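Residue-level structure breakdown
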Amino acid sequence: MANSLQGKVALITGASSGIGEASALSLAAEGAHVAVVARRGDRLQELIHRIHDLGGQALPIVADVADEQQVKEMVKHVKNKLGRIDILVNNAGVMLLGQIDGANTEDWRRMVAINVMGLMYTTHAVLPIMKEQNRGHIVNISSVAGRVARAGSGVYNVTKWGVVAFSEALRQESYKNNIRVTVIEPGAVATELTDHITDENAKKQQGEWLQGLTPLESEDIAAAIVYAVTQPERVNVNEILIRPTGQD
Ligand code: NDP
């Protein structure tokens with residue numbers, strides 16, 4: 001039987017839309033007190049109201065995960081306010097697709113700063129708290145792009161491959177402290193992710209590709225996260241790869 005998350009604290013980055021927002025709602029519905037992080041405070045406020053209306057508990061934090069100092073302060077704030085951190089969902093990310101040749105290298109820096117450095121800073125700041133608790137669960141959102149490289153996705157592939165590698169090393173370093181590590185690798189999910197692509201050609205191609213399939217919903221990924229974090233303590237779900245049925 002699944003464990004309830006009553007009394008647990010979950011920190012979710014990138015919770016102002018898409019997968020992070022759905023995960024916050026689902027984890028709160030399971031009883032977790034959710035600390036929700038993103039840069040868009042107005043979107044977090046809307047989410048907080050929805051969670052409260054459903055009888056859940058939530059703490060909004062406006063922070064940029066690419067800024068290590070802000071990450072340290074956000075984690076300290078959660079610990080001070082809520083006393084502990086049981087679950088970390090490292091979800092914040094951007095997918096700025098485009099060919100390597102002729103790319104705007106500012107897109108590369110943004111992807112590495114958010115998808116990789118942001119995830120690593122947050123993990124680094126949360127780990128001492130989980131070690132002190134001798135318990136914790138870190139869920140890292142990678143992608144099918146962390147398993148299969150494609151033309152036009154090279155640097156996004158770099159970041160998501162990095163998340164998979166980091167997660168496995170983290171698991172080996174952390175299991176003796178009863179810290180579980182799960183990496184989730186979604187295929188196409190209907191979210192705002194593609195809105196931020198700056199290369200118009202890549203954006204058009206991605207839009208056309210998406211029209212050829214029925215993408216996953218954010219709730220499908222939230223359900224996978226809930227599955228992983230509600231297993232008995234002896235169960236460490238290391239990896240979940242989920243594609244839409246119609247994705248190649
Ligand atoms: P969205 O664009 O809907 O959500 C991305 C979230 O990340 C937003 O809440 C955004 O909030 C937040 N974010 C972005 N940059 C930062 C930052 N610097 N600091 C804090 N928060 C930030 O996309 P998804 O829900 O689809 O993406 C969530 C994760 O899932 C990403 O890691 C993505 O790579 C991954 N993924 C998505 C897939 C898909 O097809 N949608 C497939 C596979 C993986 P704000 O802008 O307010 O800061």
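**A few points about the pairing of strand β4 (residues 87-90)**
- Judged by which residues are buried, β4 turns out to be covered on both faces: Ile87 and Val89 on one side and Leu88 and Asn90 on the other are all buried.
- Bridge count for strand β1 (residues 9-13) against β4 is three bridges, and the pairing is parallel. The partner of Leu11 across the bridge, within β4, is Leu88.
- As paired elements, β4 and strand β5 (residues 136-141) share four bridges and run parallel to each other. Looking at the pairing, Ile87 lines up with His137 of β5.
- Traced from β4 through helix α4 (residues 105-133) to β5, the parallel crossover comes out right-handed.

**Points about the packing of helix α1 (residues 18-29) against helix α7 (residues 218-229)**
- The contact between α1 and α7 brings their axes to 8 Å, and the two run at 50°. By the criterion of interaxial angle, the relationship of α1 to α7 is oblique. In the packing of α1 onto α7, the handedness of the crossing is right-handed. Of α7, the residues touching α1 (which contributes Gly18, Ile19, Glu21, Ala22, Ser23, Ser26 and Leu27) are Ser218, Glu219, Ile221, Ala222, Ala223, Ile225 and Val226.
- Class assignment of the residues belonging to the contact of α1 with α7 gives a composition of eight nonpolar, four polar and two charged.

**Looking at the sheet that holds strand β6 (residues 179-186)**
- With parallel pairing, seven strands are arranged side by side in an open sheet as β3-β2-β1-β4-β5-β6-β7. Among the strands making up the open sheet, the edge pair consists of β3 (57-62) and β7 (239-242). On average, adjacent strands in this sheet sit at an angle of 15° to one another, irrespective of strand direction.
- Alignment of β6 against β7, held across four bridges, turns out to be parallel. Its bridge partner being in β7, Ile184 is matched across the sheet by Ile240.
- Lying on the sheet, α1 is in contact with β1, β2 (33-38), β3, β4 and β5; it crosses β1 at an angle near 170°.

The rules behind the values
- Residues numbered from 1 in each chain as written.
- Predicted model: local features only at pLDDT ≥ 70, side-chain atom pairs only at ≥ 80, totals over all residues.
- Buried ≥ 20, exposed ≤ 12 C-beta atoms within 10 Å, placed from the backbone.
- Helix = DSSP H or I, 4+ residues; strand = E, 2+ residues; numbered from the N terminus.
- Pairing = 2+ DSSP bridges.
- Right-handed = clockwise from strand over helix to strand, strands pointing away.
- Axes fitted to C-alpha atoms, helices over the stretch in contact; angles between N-to-C directions.
- Parallel < 35°, antiparallel > 145°, perpendicular 65-115°, else oblique.
- Left-handed = near helix turned anticlockwise from the far one by under 90°.
- Contact = placed C-beta atoms within 7 Å.
- Nonpolar A, V, L, I, M, F, W, Y, C, P; charged D, E, K, R; others polar.

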